Amino acid sequence: LIVVPANAGKGKKLSILMIGASQTNATIYPARVYALFNNENNPEITLVGTRRFVPKGVKIPENIVHEGYGGWRWDSFLTRWGFRGKNKNDGMHPDRPIGKNSPFIFPDPSNPDKGVFDLEKYFKLHNKGKTPDIVTFQLGLNDFFLATDENIAERTAQSLENMEKLIAEFRKLKPAPEIFIFQHIPGAQQDGFGKSYACGHTSYQYRKNLDFYNRALLKKGKELKLRVVPVYINIDTENN
């Protein structure tokens, strides 16, 4: 248990880019993080991003932005370019959102049909040319969600390989941001899975996949000297 002063970081200014899939796209946790920082004893934070989704009936300030895309995987941010419709190999929900390329890929000046991964250009457009102080990743769930006992090891290995590639691009920035990766949250009880997925998936299989992936993610995170965040530890899975 690590205890820090209530005014730790007071007077500092931090910029944060939150990257992820549907949980990030929902904008709830980015808004919550911003709210927790928003008092005089905490650092002043600026959120970086181009995406902003507001759930019905929820009030979220205009400055709560991120890069969250439902159904996307680690590799989606590295390779998604020239998207024209459904592609079963590009994320779990490749038609959502339709027509969206990776925000970090831009047209090649010499060949507009080709995309070039360019983080420096992204931050020139969206953070005044500055590298953010912190980058968080909530990715991987769509890599392992539909896995089986037979292929979970293979899918996890491929996912973590793509994770390493994407993070390596951010570490090339000068100065390099502090990087946090989120372990994944437990799913609902089977009643919830039945309502959402009918016979397409089970809570039991998800929990097995989740345990395998989270363990591998923690190990790889330590190898890469990343900050691994166990965001699931205060969630009540018995009462949903």
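Residues numbered from 1 in each chain as written. Predicted model: local features only at pLDDT ≥ 70, side-chain atom pairs only at ≥ 80, totals over all residues. Heavy atoms only, no water.

1. Looking at the overall build of the protein
Right, on to step 1. Broken down by element type, the protein carries eight helices and eight strands.
Right, on to step 2. Against the globule reference of 18 Å for 240 residues, the protein gives a C-alpha radius of gyration of 18 Å, in line with a compact fold.
Right, on to step 3. With the C-alpha coordinates aligned to their principal axes, the bounding extent of the protein is approximately 55 × 50 × 40 Å.
Right, on to step 4. Scored against the burial criterion, the 240 residues of the protein give a buried share of 43%.
Right, on to step 5. Summarising the internal contacts of the protein: among those between residues at least 6 apart in sequence, 70% fall at separations of at least 24.
Right, on to step 6. Summed over its atoms, the accessible surface of the protein is roughly 14,000 Å², and 52% of this surface lies on carbon and sulfur atoms.
Right, on to step 7. Here the protein contributes 34 positive and 25 negative side-chain charges, whose respective centroids are spaced 4 Å apart. (Helix = DSSP H or I, 4+ residues; strand = E, 2+ residues; numbered from the N terminus. Rg over C-alpha atoms; globule rule 2.2 N^0.38 Å. Buried < 20%, exposed > 50% of the residue type's maximum accessible area, 1.4 Å probe, protein only. Contact = heavy atoms within 4.5 Å. Areas by Shrake-Rupley, 256 points an atom, 1.4 Å probe, with all protein chains shown as cover. Lys, Arg positive; Asp, Glu negative; His and termini not counted. Charge placed at Lys NZ, Arg CZ, Asp CG, Glu CD.)

2. Details of the packing of aromatic side chains
Right, on to step 1. All chains considered together, the criterion is met by 18 aromatic pairs.
Right, on to step 2. Here Phe-145 and Phe-193 contribute two aromatic rings whose centre-to-centre distance is 6.4 Å and whose plane-to-plane angle is 15°, an arrangement assigned as stacked. In this pair, Phe-145 sits in the loop between helix 5 (141-144) and helix 6 (152-171) while Phe-193 sits in helix 7 (residues 190-197), placing the two residues 48 residues apart along the sequence. The same class applies to Phe-145 as to Phe-193, namely buried.
Right, on to step 3. Members of the aromatic cluster, joined through ring pairs, are Tyr-69, Trp-72, Trp-74, Phe-77, Phe-104, Phe-117, Tyr-122, Phe-123, Phe-137 and Phe-170. (Phe/Tyr/Trp six-rings, centres within 6.5 Å; stacked < 30°, edge-to-face > 60°.)

3. Some details on the environment of Thr-202
Right, on to step 1. Its place among the elements puts Thr-202 in the loop between helix 7 and helix 8 (203-223).
Right, on to step 2. Distance in space between the C-alpha atoms of Thr-202 and Glu-150 is 16 Å, their sequence separation being 52 residues.
Right, on to step 3. Those residues in contact with Thr-202 that lie beyond four places of it in its chain are Gln-190 and Phe-193.
Right, on to step 4. Within the structure, Thr-202 has its side chain in polar contact with the backbone nitrogen of Gln-205 (distance 3.1 Å). (Polar contact = N/O pair within 3.5 Å; in protein donor to acceptor, adjacent residues only side chain to side chain.)

4. Details of unusual backbone geometry
Right, on to step 1. Residue Pro-175 is bonded to the preceding Lys-174 through a cis peptide linkage, with omega at -5°.
Right, on to step 2. Checked against the element boundaries, Pro-175 lands in the loop between helix 6 and strand 7 (178-182).
Right, on to step 3. Even without a glycine there, the phi angle at Thr-27 is positive, about 70°.
Right, on to step 4. Under the relative-accessibility criterion, Thr-27 is labelled buried at 0%.
Right, on to step 5. Unusually for a residue other than glycine, Lys-128 sits at a positive phi of about 55°.
Right, on to step 6. If you trace the backbone, Lys-128 turns up in the loop between helix 4 (119-126) and strand 6 (134-138).
Right, on to step 7. A relative accessible area of 79% places Lys-128 in the exposed class.

5. Structural notes on the nonpolar core
Right, on to step 1. By size, the foremost hydrophobic cluster in this structure holds 38 residues, and its most contacted members are Leu-17, Ile-19, Trp-74, Phe-137, Met-163 and Phe-170.
Right, on to step 2. If you list the elements that add at least two residues to this core, you get strand 1 (13-20), helix 3 (74-79), helix 4, strand 6, helix 5, helix 6, strand 7 and helix 8.
Right, on to step 3. Broken down by element, this core gets its largest block of residues, six residues, from helix 6.
Right, on to step 4. Setting aside chain neighbours within four positions, we find Phe-137 in contact with Ile-19, Trp-74, Leu-166, Ile-167, Phe-170, Ile-179, Phe-180, Ile-181 and Phe-182.
Right, on to step 5. Listed in part, the 12 residues of the second largest apolar core include Ile-16, Tyr-34, Ile-45 and Ile-134. (Core = buried A, V, L, I, M, F, W, Y, C linked by side-chain atoms within 4.5 Å.)

All quantities given are derived from atomic positions and should not be read as evidence of function.
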